[in-house]
Amino acid sequence: LYRRYGLWFRLRKLILWLLGMYIAIPFLVKLCPAIQAKLVFLNFVRVPYFIDLKRPQDQGLNHTCNYYLQPEEDVTIGVWHTVPAALWKNARGKDQLWFEEALGSSHPVILYLHGNAGTRGGDHRVELYKVLSSLGYHVVTFDYRGWGDSIGSPSERGMTYDALHVFDWIKARSGDNPVYIWGHSLGTGVATNLVRRLCERETPPDALILESPFTNIREEARSHPFSVASTQYFPGFDWFFLDPITTSGIKFANDENVKYISCSLLILHAEDDPVVPFHLGKKLYNIAATSRSFRDYKVQFVPFHRDLGYRHKYIYRSPELPRILREFLGKSEHEHHH
């Protein structure tokens, strides 16, 4: 009887603790929106943990140089620049100046804006750089302030400003070569923020590529598997969890931005994406396709069948990707050379 009473006491204690957490966590998030911002950015998650971002060659990127740029006072961002595979031999042992000058060679440039969590050295990101390099592109990527070894506090405004700074840095060195912007996941929000600003100042990029995009951060947060489960069992979910995101000034309004963008747009999305549901990418495409700002430009949506298993971050594995990019961007590496 005593043992049974002890077990019941412990069980009751556990239930009360869980109930307390169930009530306390939402109020904590509501009262401290910074917690919600951290959950959106996940910049404190460094995967893989033990890589030295100063040494991209450790990730098999032998033709990559690590730079540091300073978009604002007290902000330093780490940048990787991978040259096209055709320049691989020339790049060996070269310094930053050589890499910067190489941006002026007759190859197009892709500015890659990564998603939340991890760093510019994330496995799936590195694999995409290798694919794009093999297709004849320079790839310039960086960690936003507060990610990886970049210094500063993360915010939507700050991330967008970092991207603008790197874009201008590229344009100052790339001559007449095309510059394309590629955003993935949360990076699509940075990408459309950036391209909207570039179009407003009449310096648009040559094309925008959005991989696994959402409509806006609120709709994405509501469609996340965790949220879908929570809304069923948690009254006031929007008020507790989604409103603080808006209060933190985090919008990443792709659906609003595309109405002000005037350059070619390519959207890539896997049907089995468990993080950003496929229907959000399709919805964004429908908004863009009917927007007046795109009337003189190509807008294309490329779905990847669920049987392929590309999910949220493996579209780089598609053997069709080189053809898709060549046809959409209109110029192959060969044509850039001649």
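These numbers come from a predicted model, not from an experiment.

The rules behind these values
Residues numbered from 1 in each chain as written. Predicted model: local features only at pLDDT ≥ 70, side-chain atom pairs only at ≥ 80, totals over all residues. Heavy atoms only, no water. Core = buried A, V, L, I, M, F, W, Y, C linked by side-chain atoms within 4.5 Å. Buried < 20%, exposed > 50% of the residue type's maximum accessible area, 1.4 Å probe, protein only. Contact = heavy atoms within 4.5 Å. pLDDT = per-residue confidence, 0-100. Helix = DSSP H or I, 4+ residues; strand = E, 2+ residues; numbered from the N terminus. Arc of directions from axis to C-beta. Patch = residues over 30% accessible without salt bridge, like charges linked within 9 Å, V, L, I, M, F, W, Y side chains within 5 Å. Areas by Shrake-Rupley, 256 points an atom, 1.4 Å probe, with all protein chains shown as cover. Salt bridge = Lys/Arg side-chain N within 4 Å of Asp/Glu carboxyl O. Axes fitted to C-alpha atoms, helices over the stretch in contact; angles between N-to-C directions. Left-handed = near helix turned anticlockwise from the far one by under 90°. Nonpolar A, V, L, I, M, F, W, Y, C, P; charged D, E, K, R; others polar. Phe/Tyr/Trp six-rings, centres within 6.5 Å; stacked < 30°, edge-to-face > 60°. Disulfide = S-S within 2.5 Å. Pairing = 2+ DSSP bridges.

## Section: the nonpolar core
1) Next: Phe41, Leu111, Leu113, Phe142, Ile181, Leu208 and Phe252 are the most contacted members of the largest nonpolar core, which has 55 residues in total.
2) Next: Contact partners of leucine 208, with chain neighbours within four places excluded, come to Ile181, Ala191, Thr192, Val195, Ile261, Cys263, Ser264, Leu265 and Leu266.
3) Next: Membership of the second largest hydrophobic core comes to 31 residues, among which are Tyr137, Tyr180, Trp182 and Ala270.

## Observations concerning the confidence of the model for the protein
1) Next: Looking at the protein, the pLDDT average stands at 87 and 84% of residues meet or exceed 70.
2) Next: Across residues 331–338, where pLDDT falls below 50, the model places 14 contacts with residues more than four positions away in sequence or in other chains.

## Considerations on helix H13 (residues 321–329)
1) Next: Taken as a whole, H13 has its buried residues at Leu321, Ile324, Leu325, Phe328 and Leu329. End-on view of H13: buried residues confined to an arc of 105°, all on one side of the axis.
2) Next: Those residues of H13 hidden inside the fold are in contact with helix H5 (123–134), strand S5 (179–184), strand S6 (207–211), strand S7 (264–270) and strand S8 (299–304).
3) Next: After H13 finishes, the residue glycine 330 shows a positive phi value of roughly 80°.

## Considering a nonpolar patch on the surface
1) Next: Judged by side-chain polarity, Trp8, Leu11, Leu14, Ile15, Trp17 and Leu18 come together as a nonpolar surface patch covering roughly 640 Å² of accessible area.
2) Next: Of note, tryptophan 8 is situated in helix H1 (residues 2–31).
3) Next: In this structure tryptophan 8 comes out as partly exposed when scored by relative accessible area, which is 46%.

## Focus: the packing of helix H6 (residues 156–171) against helix H7 (residues 186–200)
1) Next: In the contact formed by H6 and H7, the axes pass within 9 Å of each other and the chain directions differ by 60°. Two packed elements cross with a definite hand, and for H6 against H7 that hand is right-handed. Two secondary-structure elements touch here, H6 through Glu156, Met159, Thr160, Tyr161, Ala163, Leu164 and Phe167 and H7 through Leu186, Val190, Asn193, Leu194, Arg197 and Leu198.
2) Next: Of the residues contributing to the contact of H6 with H7, the split by class is 9 nonpolar, 2 polar and 2 charged.

## Some details on the packing of aromatic side chains
1) Next: Counting across every chain of the model gives 11 aromatic pairs.
2) Next: With a centroid separation of 5.7 Å and an interplanar angle of 75°, the aromatic rings of tyrosine 112 and tyrosine 129 are classed as edge-to-face. One end of the pair, tyrosine 112, is in strand S3 (residues 109–113); the other, tyrosine 129, is in helix H5, with 17 residues separating them in the sequence. Neither tyrosine 112 nor tyrosine 129 differs from the other in exposure class; each is buried.
3) Next: Judged by centre distance (6.3 Å) and plane angle (75°), the rings of tyrosine 137 and tyrosine 180 are edge-to-face. Pair noted here: tyrosine 137 is in the loop between H5 and strand S4 (138–142) and tyrosine 180 is in strand S5, with a separation of 43 residues, a long-range link.
4) Next: Judged by its relative accessible area of 4%, tyrosine 180 is buried.

## So, the state of the cysteines
Between two cysteines, a covalent bond joining their sulfur atoms is known as a disulfide.
1) Next: Under the criterion given, the structure shown has 0 disulfides.
2) Next: Lacking any disulfide linkage, cysteine 263 is separated from the closest cysteine sulfur, that of cysteine 199, by 5.2 Å.
3) Next: A residue is classified by how much of its surface remains accessible, and cysteine 263, at 2% relative accessible area, is buried.

## Overview of the sheet that holds S3
1) Next: One open sheet holds the 8 strands; their spatial order is S1-S2-S4-S3-S5-S6-S7-S8, and the pairing between them is mixed. In this open sheet, the two strands that pair with only one neighbour each are strand S1 (64–72) and S8. Taking each pair of neighbouring strands and ignoring which way they run, the sheet shows an average axis angle of 20°.
2) Next: Most of the contacts of H6 go to S1, to which it runs at about 120°, and overall it touches S1, strand S2 (75–82), S3, S4 and S5.

## Details of the pattern of salt bridges
1) Next: Applying the stated criterion across every chain, the model contains 14 salt bridges.
2) Next: Across the pair arginine 120 and aspartate 143 runs a salt bridge, and its minimum N-O distance is 2.7 Å. Here the residue arginine 120 occupies a position in the loop between S3 and H5, and aspartate 143 occupies one in the loop between S4 and H6, the gap between them amounting to 23 residues.
3) Next: Overall, the relative accessible area of 0% leaves arginine 120 in the buried class.
4) Next: Using a relative accessible area of 0% as the deciding quantity, one classes aspartate 143 as buried.
5) Next: Among the ionic pairs, arginine 145 bridges to aspartate 162, the shortest N-O distance being 2.7 Å. Residue arginine 145 is located in the loop between S4 and H6, and its partner aspartate 162 is located in helix H6; the two are separated by 17 residues in the primary sequence.
6) Next: Among the residues examined, aspartate 162 registers a relative accessible area of 0% and is labelled buried.

## Regarding the environment of valine 126
1) Next: By secondary structure assignment, the location of valine 126 is in helix H5.
2) Next: Separated by 67 residues in sequence, valine 126 and glutamine 59 have C-alpha atoms that sit 7.4 Å apart.
3) Next: Apart from the residues lying within four places of it in its own chain, the contact partners of valine 126 are Gln59, Leu61, Trp80, Arg120 and Gly121.

## Side note on the pairing of S4
1) Next: Buried residues dominate S4, accounting for 5 of its 5 residues.
2) Next: Side chains His138, Val140 and Phe142 project from S4 onto one buried face, and the interleaved Val139 and Thr141 project onto a second face that is buried too.
3) Next: Inspection of the sheet shows S2 paired to S4 by 4 bridges, in the antiparallel sense. Pairing of tryptophan 80 across the sheet is with threonine 141, part of S4.
4) Next: In the sheet, S3 pairs with S4 via 4 bridges, with the strands oriented parallel. Within S4, the position partnered with isoleucine 110 by the bridge is valine 139.

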